[in-house]
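Structure assessment
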There are 2 protein chains.
Amino acid sequence: MSQDPLVIFTPSGKRGRFAPGTPVLTAARQLGVDLDSVCGGRGICSKCQVTPGYGAFPKHGVTVAPDALSDWNGVEARYDEKRGLQKGRRLGCQATIQSDVVIDVPAESQVHRQVVRKRAEARDIVMNPAVRLYYVEVEEPDMHEPSGDLERLAAALSAQWQIEGATADLPFLAAMQPILRKGGWKVTCALHLGDGARKPRILHLWPGFYEGAIYGLAVDLGSTTIAGHLCDLASGEVVASSGLMNPQIRFGEDLMSRVSYSMMNPGGAAEMTASVRAGMNALIAEIAAEAGTTPELIFDAVVVCNPVMHHLFLGIDPYELGQAPFALATSDALEIPAASLDLALHPAAEVYLLPCIAGHVGADAAAVTLSEAPEKSEDLLLLVDVGTNAEIQLGNRDGVLACSSPTGPAFEGAQISAGQRAAPGAIERVEIDPATKEPRFKVIGCDLWSTDPGFAEATATTGITGICGSGIIEAVAEMRMAGILDAAGLIGGPDQTGTARCFLDGRTHSYLLWDGGPDGGNRIAVTNPDIRAIQMAKAALYSGARLLMDKLGVDRVDRVVLAGAFGAHISPRHAMVLGMIPDCPLDKVTSAGNAAGTGARIALLNRSARDEIEQTVRAIHKVETAVEPRFQEHFVNASAIPNATEPFPELAKVVTLPDVHFNAGDGADGGRRRRRRG
Amino acid sequence: MSQDPLVIFTPSGKRGRFAPGTPVLTAARQLGVDLDSVCGGRGICSKCQVTPGYGAFPKHGVTVAPDALSDWNGVEARYDEKRGLQKGRRLGCQATIQSDVVIDVPAESQVHRQVVRKRAEARDIVMNPAVRLYYVEVEEPDMHEPSGDLERLAAALSAQWQIEGATADLPFLAAMQPILRKGGWKVTCALHLGDGARKPRILHLWPGFYEGAIYGLAVDLGSTTIAGHLCDLASGEVVASSGLMNPQIRFGEDLMSRVSYSMMNPGGAAEMTASVRAGMNALIAEIAAEAGTTPELIFDAVVVCNPVMHHLFLGIDPYELGQAPFALATSDALEIPAASLDLALHPAAEVYLLPCIAGHVGADAAAVTLSEAPEKSEDLLLLVDVGTNAEIQLGNRDGVLACSSPTGPAFEGAQISAGQRAAPGAIERVEIDPATKEPRFKVIGCDLWSTDPGFAEATATTGITGICGSGIIEAVAEMRMAGILDAAGLIGGPDQTGTARCFLDGRTHSYLLWDGGPDGGNRIAVTNPDIRAIQMAKAALYSGARLLMDKLGVDRVDRVVLAGAFGAHISPRHAMVLGMIPDCPLDKVTSAGNAAGTGARIALLNRSARDEIEQTVRAIHKVETAVEPRFQEHFVNASAIPNATEPFPELAKVVTLPDVHFNAGDGADGGRRRRRRG
């Protein structure tokens, strides 16, 4: 039979017939098979490795002869000698088709390879970065056909990579000519692919074939911390992660105090802008050093942040965000030269900021949306990112609602008498024996419970310094379950609770969690004002979620996903005992970890995801809690700590809650609660 | 008859029927009539003034009743009172159509009005600037429908002006919010309209209706001088013109010495870049002051320059331009933020640079092309821009060729013994009596001939300091016509010429033009080396033109246009006596003045002209003189100064040239000429 050989690519299943002698890479390109190449088939980059299969493939109806591909050639031998070619692999640009063959494209040879996300329910990230490397051979200048070096470089990108209309900026032009000549008119470009509205831009040039990596930075710019992931833009791998405190903290712990600072101090906003940019640059230097590279090799960046940080980072006074109607200067996604943000990345790098959803629901919430994709969910998803504000999203493929709820900083350990940030020495887990009312706890940095042998020694260096957000939530929930706390939020006295750990502390009682002893050790107690701060915070969170449920006309949600560093540490069981989140089967409450950071990473590695989240955000229906009467209503009703036996039967199997009510004494805040006493 | 009234606009002739009560502006917009408006029909800007016609219009077949338009209304009365409305004029947005009417749109009410160019043969400039003013009313923020202020501003531009997708940069965003509120959500935008590849950009915002002007700057950035025109971007009017010396001169008078400076001195290119940018800023400050405005109101700029200045201005080392194959870093047109060029215009202004034609034929030549449009010429046009290099273009609507010819600086008065720049005191016109061989001349700054009474007094302050480019050309041509100079370029001695003004000066003779006397006055003579310098320069110019004619296979051209400041002062008759330019009827030799500057002004005022010149330049066929053997051939043959009786019969009527040949003595350079002696 004189038919051309049949070539079948796996895993795509794409197939076609090609003349004998056709390189595998050529066949793959013609069939639209996703096979990588940086050098364009010149046997330099080795990105196009494939694994031919031999023998019978009944599924595909072919039998592959041992000589189905051309013999191993000099280029492959040289590469194998220098760098090592995995057994069974061939270079797709060198091996040519001789007879019918089945060729597997391993994951690492795919351009759009997937970056696996650890959580089972999360979709993997498909690699499609905005900045890629391209090797090109450029025509030399000819005085009979005069054209600029840039124009010939762009022509090479067009002819060899079908990239049309590439441009470059002035610093590139100033550096370009000697590099073209040093490389003998063979160069590697770092190229930003642009989009419909913008032409591709050449960011950097290396003489010859550049073998190194290029990087992208995904940053979650929080009010308190700045956290970044440095990613290899070819593999998607996270090569370093780093975080530091936002130096803006000295202008105010929470966002509103920073907005106030800018109002009260002329030049205050500019001062805070300089401060956060300095913080970003410190992160950049640190993370590049950690990865053993330089900031000049970082060609792309994505930043997610709340609206106030967004404006301050951009150099926009956040004044309008401090008052109704909370007007953002701009809500759309932005692509901004890193240099105009004073960021010490590659001079031609750009920073992409996700769109803000509303004046109180920022680009960080949009990043959570991108990571958790409520708009693609089959079941009804409640998505909560807990921080100083809680950003709450509710929806499924039929539509998504979003709001922000002012939880305040109690969930982060602030405004709590013994509260502290999540750091070594902080109590993060609490259990209280319902019978004895005795507590045990764990502190950050130690795996032992406080009642385990060796705990004192293990915590000797850190000490037991306070209680962090997840610790206070567990403490309050456990106190409620142990009958130390009533539904209204009052701590019982020693007579009522039968434990001396409850002691009179001013006009109300407190519960002693830890006494470090007389030698200067910390005394850590949960006070009634602490309970009230948590009640307020959880009521705000709950009310926001309930408000969205009202808008959607539902009474239950199918799933709850808790995002944020705090969401990662919170115990779903305790959150439900507290009444932080609406009713939902416990096994349907999961943590998404730092979903905002993950969303930033997705936008960094997949430029299509940028278009996608921009469209998604436009479709999200925003609900403003501040002016919703029903929010206030829910808030008033949500301050109680529910009797867990009723809404949560699965909890009832573990503990039985006495429906205790305590006398608040004649404290100033006892009024309403006293009226509710049985 | 119940038909709607007929509306006929003149001069366009567009007509249509509109319901009674339709505003004239609305009718004009629906018919696509070019009627200006900045305020969008709100009776604020008064740009939409029209002149209704009344009575019988047999040509249009209508008779217009006195009440064809609605009565003069309050808005018109107020405007008339405050600013004065010309008699017979109405505001198009206020006057409504009542019955059949003929409405004239005066030139100043057209968006695309024409700016008249003074030269008869030059096309007028159609106004179509890249930056325009738009008044908009923006929706106030609403916390139930959260969106950024910028997004609502862009939505207003879309709804009220059909301008889609407007964006802005960070400094604009930082300034925008207070201005929107100060204007009560009514603002005027300065908007760069963008193009296919780039979105419209809002550059500036004024609260309310901004009544002032905005400006654009057209700059001819020469090696020696920087000259600019400041234009009103609405009317196209030149409001100020200014020029200064290019401060780069201290690094070398001519371009090649500046290229050498950058080669010999590390950081030399950067030093020259800083120098030329400082010069540009000095020009900007000066021209704004002259116009009584500020640089912050300059929103657009166009710069034309030769390739070396182009690179130095952009911060690109011109190294490659100093050697074959003369590779430009980039040849395409560029749009660059003014800020990245350190120019003190409006911070969001952009600078447009015309494309370069080749490594020796720059954006200044492209500007000449734009001004003189050889590609649209019916007859064969030779277009010469004379400077240190002559850029020569030859062509018609069938195609255009271009080359650069190294004339050297002799035509600018450099390398001439008594040479100087064109400045007060310089001899610029020369006549020599063929009988007496006595000269008379004019100097710059004085209208009298040197033989007129009162000349000495009139030139007492400037003195007679030297001879400029046009002066030396006339002197040489007149010397030839007076029989003082032979065809080979040798000055005769007193015996041969019969005048004592010819004196032995070293080994050859010189001709004394002026003797200031024994009291320290200047002695200005034309020496034989001067003649040789002019011979070389004119031979280069002539050879370039001839080379292009050879390429086109023609022996004659239909017209010659001399561009450049020098071209404006040169006498066509003398240029032809010298043999600077090929044969052409004298009345077909014209000066285009500063055509490069005019081209810059066209590109500034009409953004379509930018696309046009970019396409035109791509189609120009470039010829590189340096490697063309025929150029050398022509050059050798062109050094003689022709016997004007033969090629120029019209000159012969005026003077009869003796075909004199002089003995060059035994000077080193006499060899070839001696062999040619009769």
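The model shown is predicted, which means the values in this text are computed figures rather than measured ones.

1. Some points on the overall build of chain A
Looking only at helices and strands, one finds 19 helices and 30 strands in chain A. Summarising its shape, the C-alpha atoms of chain A cover approximately 95 × 65 × 55 Å along the three principal directions. For chain A, the proportion of its 678 residues judged to be buried stands at 52%. Partitioning the intrachain contacts of chain A with sequence separation of at least 6 by distance along the chain shows that 65% fall at a separation of at least 24.

2. Quick notes on the relation of the copies chain A and chain B
When chain A is fitted onto chain B, the two copies agree to an RMSD of 0.1 Å after a turn of 180 degrees and an axial shift of 0.0 Å. Read as a symmetry element, the transformation amounts to a two-fold axis. In this assembly the copies share their binding face: 100% of the residues contributing to the interface of chain A also contribute to that of chain B.

3. What to know about the interface of chain A and chain B
Contact residues are listed per partner, giving 37 residues for chain A and 37 residues for chain B. Of all the secondary structure elements, the ones that give two or more residues to the side of chain A that touches chain B are α3 (149-161) and α4 (170-182) of chain A. When residues of the side of chain A that touches chain B are assigned to their parent elements, the largest contribution, five residues, is made by α4 of chain A. Residue classes in the side of chain A that touches chain B are distributed as 20 nonpolar, nine polar and eight charged.

4. A short note on the sheet that holds strand β28 (residues 559-563) of chain A
Residues and elements named next belong to chain A. The six strands lie next to each other as β29-β28-β19-β20-β21-β30, forming an open sheet whose pairing is mixed. The open sheet has two free edges, formed respectively by β29 (589-593) and β30 (621-622), since each of these has just one partner strand. Pairing of strand β20 (residues 390-396) with strand β21 (residues 399-405) involves seven bridges; the strand directions are antiparallel. Considered in β21, the bridge of Ile392 is made with Cys403. Lying over the sheet, helix α8 (residues 363-372) contacts β19 (381-385), β20, β21, β28 and β29, oriented at roughly 140 degrees with respect to β19.

5. Notes on the sheet that holds strand β22 (residues 426-432) of chain B
Residue and element names in this part refer to chain B. Strand order in this open sheet of three strands is β23-β22-β24, and the pairing throughout is mixed. Of all strands in the sheet, those with a lone pairing partner are β23 (439-443) and β24 (466-467), marking the two edges. As defined by bridge partners, β22 adjoins β24 across two bridges and the pair is classed as parallel. Looking across to β24, one finds that Ile427 is bridged to Ile467. Contacting β22 and β24, helix α10 (residues 469-481) runs over the sheet at an angle of about 15 degrees to β22.

6. Concerning the domain arrangement of chain A
All names here are of chain A. For chain A, the domain assignment lists domain 1 (6-109), domain 2 (125-207), domain 3 (215-353), domain 4 (366-409 + 534-642) and domain 5 (418-526 + 659-675). Once you take the C-alpha centre of each, domain 2 and domain 4 turn out to be 45 Å apart. Listed by partner, the interface residues are seven residues for domain 2 and five residues for domain 4. The residue inventory of the side of domain 2 that touches domain 4, partitioned by class, reads six nonpolar, one polar and no charged.

7. Regarding helix α10 (residues 469-481) of chain A
Residues and elements named next belong to chain A. Its 13 residues place the ends of α10 19 Å apart at the C-alpha level, agreeing with the 18 Å of an ideal helix rising 1.5 Å per residue. Across the 13 residues that make up α10, a large majority, 13, are buried. Directly after α10, the chain includes Gly483, whose backbone phi takes a positive value near 75 degrees.

8. Remarks on α3 of chain A
All names here are of chain A. Taking 1.5 Å per residue, 13 residues should reach 18 Å; α3 reaches 18 Å between its end C-alpha atoms and fits that length. Every buried residue of α3 is accounted for by Asp149, Leu150, Arg152, Leu153, Ala154, Ala156 and Leu157. Each element contacted by the buried residues of α3 is listed here: β10 (131-137), α4, β11 (186-192) and β12 (201-207). Directly after α3, the chain includes Gln162, whose backbone phi takes a positive value near 55 degrees.

9. Overview of the packing of helix α5 (residues 255-264) of chain B against helix α6 (residues 268-291) of chain B
Residues and elements named next belong to chain B. Viewed as axis vectors pointing N to C, α5 and α6 meet at an angle of 130 degrees, and their least axial separation amounts to 7 Å. Considering their axes alone, α5 and α6 lie oblique with respect to each other. Facing Arg258, Tyr261, Ser262 and Met264 of α5, the residues of α6 in contact are Gly268, Ala269 and Met272. Across the contact of α5 with α6, the residue classes tally to four nonpolar, two polar and one charged.

10. Structural notes on unusual backbone geometry
Cis geometry marks the peptide bond from Ala324 of chain A to Pro325 of chain A; its omega dihedral reads 0 degrees. Along the chain, Pro325 of chain A turns up in the loop between α7 (307-314) and β17 (334-337). Cis rather than trans, the peptide bond between Thr10 of chain B and Pro11 of chain B has omega equal to 5 degrees. Residue position: Pro11 of chain B is located in the loop between β1 (6-10) and β2 (15-17). A positive phi is found at Trp185 of chain A, a non-glycine position, where the angle reads about 70 degrees. For Trp185 of chain A, a count of 18 C-beta atoms within 10 Å puts it in the partly exposed group.

11. Here we look at the packing of α6 of chain B against helix α7 (residues 307-314) of chain B
Residue and element names in this part refer to chain B. Between α6 and α7, whose axes approach to 7 Å, the crossing angle comes to 90 degrees. Taken together, the axis directions place α6 and α7 in an arrangement best described as roughly perpendicular. Within the contact between the two elements, α6 uses Ala269, Met272, Thr273 and Val276 and α7 uses Met309, Leu312 and Phe313. The residue makeup of the contact of α6 with α7, split by class, is six nonpolar, one polar and no charged.

12. Here's the deal with the confidence of the model for chain A
Predicted coordinates in areas of low pLDDT are best not read in detail. Residues and elements named next belong to chain A. Of the residues in chain A, 93% have a pLDDT of 70 or more, and the chain-wide mean is 88. Per-element confidence in chain A ranges from a low mean pLDDT of 35 for helix α19 (residues 671-675) to a high of 98 for β12. The low-confidence segment residues 644-658 (pLDDT under 50) makes 20 contacts with residues lying over four places distant or belonging to another chain. Per-residue pLDDT stays below 50 along residues 664-678; that stretch engages in 17 contacts with residues further than four places along the chain or on separate chains. Across the interface, the model reports ipTM at 0.84; the global pTM reads 0.85.

13. A short note on the pairing of strand β20 (residues 390-396) of chain B
Residues and elements named next belong to chain B. Within β20, six of the seven residues are buried, leaving the element largely enclosed by the surrounding structure. In this structure, strand β19 (residues 381-385) lies alongside β20, joined through five bridges in antiparallel fashion. Bridge assignment links Leu382 to a residue of β20, and that residue is Leu394. Where β19 folds back onto β20 in an antiparallel hairpin, the turn is made up of four residues. If you look at the hairpin formed by β20 and strand β21 (residues 399-405), you'll find two residues sitting between the two strands.

14. Quick notes on the environment of Ala500 of chain B
All names here are of chain B. Position of Ala500 among the secondary structure elements: in the loop between α11 (494-497) and β25 (502-505). For Ala500, a count of 9 C-beta atoms within 10 Å puts it in the exposed group. Taking the C-alpha atoms as reference points, Ala500 and Glu628, 128 residues apart in sequence, are found 44 Å from one another.

15. Some words on the pairing of strand β18 (residues 350-353) of chain B
Residue and element names in this part refer to chain B. Side chains Glu350 and Tyr352 of β18 all project onto a buried face; the interleaved residues Val351 and Leu353 project onto the opposite face, where all are buried too. Pairing of strand β16 (residues 298-305) with β18, which is carried by four bridges, proceeds in the parallel orientation. By the bridge assignment, Val303 is partnered in β18 with Leu353. As defined by bridge partners, strand β17 (residues 334-337) adjoins β18 across four bridges and the pair is classed as antiparallel. If you follow Pro337 over to β18, its bridge partner there is Glu350.

16. Examining the environment of Met176 of chain A
With respect to the helices and strands, the residue Met176 of chain A is situated in helix α4. In this structure, the C-alpha to C-alpha distance between Met176 of chain A and Asp149 of chain A, residues 27 residues apart in sequence, is 8.2 Å. Each residue touching Met176 of chain A, except ones within four places of it in the same chain, is listed here: Asp149, Leu150 and Leu205 of chain A together with Ala329 of chain B.

17. Thoughts on the environment of Asn389 of chain A
Residue and element names in this part refer to chain A. Here Asn389 is to be found in the loop between β19 and β20. Distance from Asn389 to Ser405, taken between C-alpha atoms, is 5.7 Å for residues 16 residues apart in sequence. If we ignore the near neighbours within four places in the chain, the residues touching Asn389 are His360, Ser404, Ser405, Pro406 and Thr407.

Thresholds, definitions, all that
Residues numbered from 1 in each chain as written. Chains lettered and ligands numbered in written order. Predicted model: local features only at pLDDT ≥ 70, side-chain atom pairs only at ≥ 80, totals over all residues. Helix = DSSP H or I, 4+ residues; strand = E, 2+ residues; numbered from the N terminus. Buried ≥ 20, exposed ≤ 12 C-beta atoms within 10 Å, placed from the backbone. Contact = placed C-beta atoms within 7 Å. Least-squares fit on C-alpha atoms with pLDDT ≥ 70 in both. Nonpolar A, V, L, I, M, F, W, Y, C, P; charged D, E, K, R; others polar. Pairing = 2+ DSSP bridges. Axes fitted to C-alpha atoms, helices over the stretch in contact; angles between N-to-C directions. Domains from an automatic or database assignment. Expected span 1.5 Å × (residues − 1). Parallel < 35°, antiparallel > 145°, perpendicular 65-115°, else oblique. pLDDT = per-residue confidence, 0-100.

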